[in-house]
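Secondary and tertiary structure notes
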Amino acid sequence: NFITRLSAFCLKKSKVHRRHQSSRRPAVPLGSRILTDPSKVFEHNMWDHMQWSQEEEEKAKKKAAENSLVKVQWEDQDKYEREASKYWNEFYKTHKNNFFKDRNWLFLEFPEILPEKRREELKTEERSFKHTKINSTNCFSQENEMFEEGEKYWKKSYGGGSTSVQGYICKTQAKSLTDNPQGKNCGEEFGRLESFPGSDATYRILEVGCGAGNSVFPILKVLCNTPGTFLYCCDFASGAVELVKSHSSYNSAWCSAFVHDVCDDALPYPFPDEILDVILLVFVLSAIHPDRMQGVVNRLAKLLKPGGMLLFRDYGRYDTAQLRFKKGRCLSENFYVRGDGTRVYFFTKDEVWNMFNLAGLTEVQNLVDRRLQVNRKKKVKMQRVWIQSKFQKPL
């Protein structure tokens, strides 16, 4: 596609110092805006594929060790665990759907979200899209605009900056679908039904930790024109689920939002095991206590069809967000509590691999995404670290 071709072309033309470009992985995935000239660092908000020096690595380790010296008291740790849903409900009550931006990058990094046929259709549409003419003598500026071009493509193809899917002709007729009951009798209720939400679909997606719908609605823009697909989304904060269900673009014909605590193994899902083609787990697992993560991943793996894919993105070890914590906010090693009571863990890619491997999934992709984020107004640089992975259930 145009991103891959443009990236390969630009990287051929530019000989970049190792400090400013990692040679260990391709420019796509994970972007291709490469910092070739440190004096131009404040020309953009984000630079991709940053490689840390040994000095930077040691400095980050030291900072994390220092802010981990003083641990949160055990009684408070217990409170944060018991009342986790309360803190997230308060978060969504305060911020509603204004805190996070819509994840329009999802289809660039995770094309597996869509059925293969739909992916091919989008590639055809992309080839016909009129992109900015590439000037081979100005490779650097073209590299800088690649992600903007991707954003323009998705916005032009699927409705501008708005999250609304209104105005699209969705041929799938709404069936009589019962909303997922929110309570202990959830499994019994669905057991009495001859069908479940999405039972007629041939391709099913689950987003775990949907929040206010910043992934849900970009996905629905595409799904409503893709017959046979269905999206489930859940969150253990009832306030978040209500934000999704009250959105003008929510329609039970192709989406079912429900309250669910993924840490509760006894709580059934509103659909059978082994029916999901894709599970999206983006900035969710980090909010769960490390001792409970493996159980969550094991349970999610059972929901996947053989050949199904789990798509993961979350905070990486020594991300700026970790290094900014003050002493006394650390719960356990690399696990912290924010001022609003919500919690966050910072992963290594080996930890991620071990979790998904123990759950019986096979690695397709497992990358450390290091970027330099800058505040151009304040002239501040922030080293961001994320883990991006794809794991598949064996056939």
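In what follows, the structure referred to is the one given above.
Definitions and limits used
Residues numbered from 1 in each chain as written. Predicted model: local features only at pLDDT ≥ 70, side-chain atom pairs only at ≥ 80, totals over all residues. Heavy atoms only, no water. Helix = DSSP H or I, 4+ residues; strand = E, 2+ residues; numbered from the N terminus. Areas by Shrake-Rupley, 256 points an atom, 1.4 Å probe, with all protein chains shown as cover. Disulfide = S-S within 2.5 Å. Buried < 20%, exposed > 50% of the residue type's maximum accessible area, 1.4 Å probe, protein only. Salt bridge = Lys/Arg side-chain N within 4 Å of Asp/Glu carboxyl O. Pairing = 2+ DSSP bridges. Contact = heavy atoms within 4.5 Å. Axes fitted to C-alpha atoms, helices over the stretch in contact; angles between N-to-C directions. Parallel < 35°, antiparallel > 145°, perpendicular 65-115°, else oblique. Left-handed = near helix turned anticlockwise from the far one by under 90°. Nonpolar A, V, L, I, M, F, W, Y, C, P; charged D, E, K, R; others polar. Core = buried A, V, L, I, M, F, W, Y, C linked by side-chain atoms within 4.5 Å. Phe/Tyr/Trp six-rings, centres within 6.5 Å; stacked < 30°, edge-to-face > 60°. Lys NZ or Arg CZ within 6 Å of the ring centre and 35° of its normal.

**Quick notes on the overall build of the protein**
The number of helices and strands found in the protein is 13 helices and 11 strands. Carbon together with sulfur atoms contributes 50% to the accessible area of the protein, which is approximately 19500 Å² in total.

**Section: the state of the cysteines**
As used here, a disulfide is simply a covalent bond connecting the sulfur atoms of two cysteines. Per the counting criterion, the structure on display carries 0 disulfides. Sulfur of C234: no disulfide; nearest cysteine sulfur belongs to C210 and is 6.5 Å away. Assessed through its relative accessible area of 1%, C234 is described here as buried.

**Details of the environment of G213**
Tracing the backbone shows G213 in the loop between strand 2 (203–208) and helix 9 (216–223). A residue is classified by how much of its surface remains accessible, and G213, at 1% relative accessible area, is buried. It is 9.4 Å that separates the C-alpha atoms of G213 and R103, two residues lying 110 residues apart in sequence.

**What about the pattern of salt bridges?**
Any two side chains of opposite charge can pair, on the condition that their charged atoms come close. If you walk through the whole model with that rule in mind, you get 14 salt bridges. Linking R343 and E81 is a salt bridge whose minimum nitrogen-to-oxygen distance equals 2.6 Å. Within this pair, whereas R343 is found in strand 9 (residues 343–345), its partner E81 is found in helix 3 (residues 74–82), the two being separated by 262 residues in sequence. Residue R343 is classed as buried on the basis of its relative accessible area, which comes to 6%. Classification of E81 as partly exposed rests on a relative accessible area of 22%. Salt-bridge contacts for R82 lead to E83; the nearest nitrogen and oxygen are separated by 3.9 Å.

**Considering the sheet that holds strand 3 (residues 229–235)**
Sheet architecture is open: 8 strands sit in the order 1-10-11-6-5-2-3-4, paired in mixed fashion. Only two strands of the sheet have a single neighbouring strand rather than two, namely strand 1 (46–47) and strand 4 (255–259). Here strand 10 (residues 362–375) runs beside strand 11 (residues 380–392); their pairing, made up of 13 bridges, is antiparallel. For D369, the partnering residue across the bridge sits in strand 11 and is W386.

**Some remarks on unusual backbone geometry**
Backbone geometry places E274, a non-glycine residue, at a positive phi of 60 degrees. Tracing the sequence through the fold places E274 in the loop between strand 4 and strand 5 (276–282). Of note, Y318 is a non-glycine position whose phi angle comes to about 70 degrees, a positive value. By secondary structure assignment, the location of Y318 is in the loop between strand 6 (304–315) and helix 12 (320–323).

**Some details on the environment of P115**
Mapped onto the elements, P115 comes out in the loop between helix 5 (106–109) and helix 6 (116–128). The class for P115 is buried, based on a relative accessible area of 13%. Sequence spacing of P115 and D277 is 162 residues, and the spatial spacing of their C-alpha atoms is 8.7 Å. Beyond its immediate chain neighbours, meaning those up to four positions away, P115 contacts Y203, T226 and T229.

**Thoughts on the packing of helix 11 (residues 290–303) against helix 13 (residues 349–358)**
As a packed pair, helix 11 and helix 13 sit with axes 8 Å apart at the nearest point and diverge in direction by 50 degrees. The angle between helix 11 and helix 13 falls in the class oblique. Crossing angle aside, the handedness with which helix 11 passes helix 13 is right-handed. The residues of helix 13 that touch helix 11, namely those facing M293, Q294, V297 and N298, are N354, M355, F356 and L358. A breakdown of the residues in the contact of helix 11 with helix 13 according to their chemical character gives 5 nonpolar, 3 polar and no charged.

**Quick word on the nonpolar core**
Membership of the largest hydrophobic core comes to 57 residues, with the highest contact counts inside it found for L206, F271, L285 and L300. In terms of residues, this core owes the most to one element, helix 11, which gives 6 residues. Sequence-distant contacts of L285, that is, excluding residues within four places in its chain, are made with M293, V296, V297, F312, D314, F347 and M355. By size, the runner-up hydrophobic cluster in this structure holds 30 residues, among which are I205, L220, C233 and V278.

**Considerations on the packing of aromatic side chains**
Throughout the structure, instances matching the rule amount to 17 aromatic pairs. Relative to F91, the ring of W88 lies with its centre 5.3 Å away and its plane at 65 degrees, an arrangement referred to as edge-to-face. Separated by 3 residues within a single helix, W88 and F91 lie in helix 4 (residues 84–95), roughly one turn from each other. Judged by its relative accessible area of 15%, W88 is buried. A relative accessible area of 8% means that F91 is categorised as buried. Of the aromatic side chains, those joined through ring pairs into one cluster are F312, F335, Y345, F347, F356 and F391. Sitting over the ring of W52, R370 keeps its end group 4.6 Å from the ring centre.

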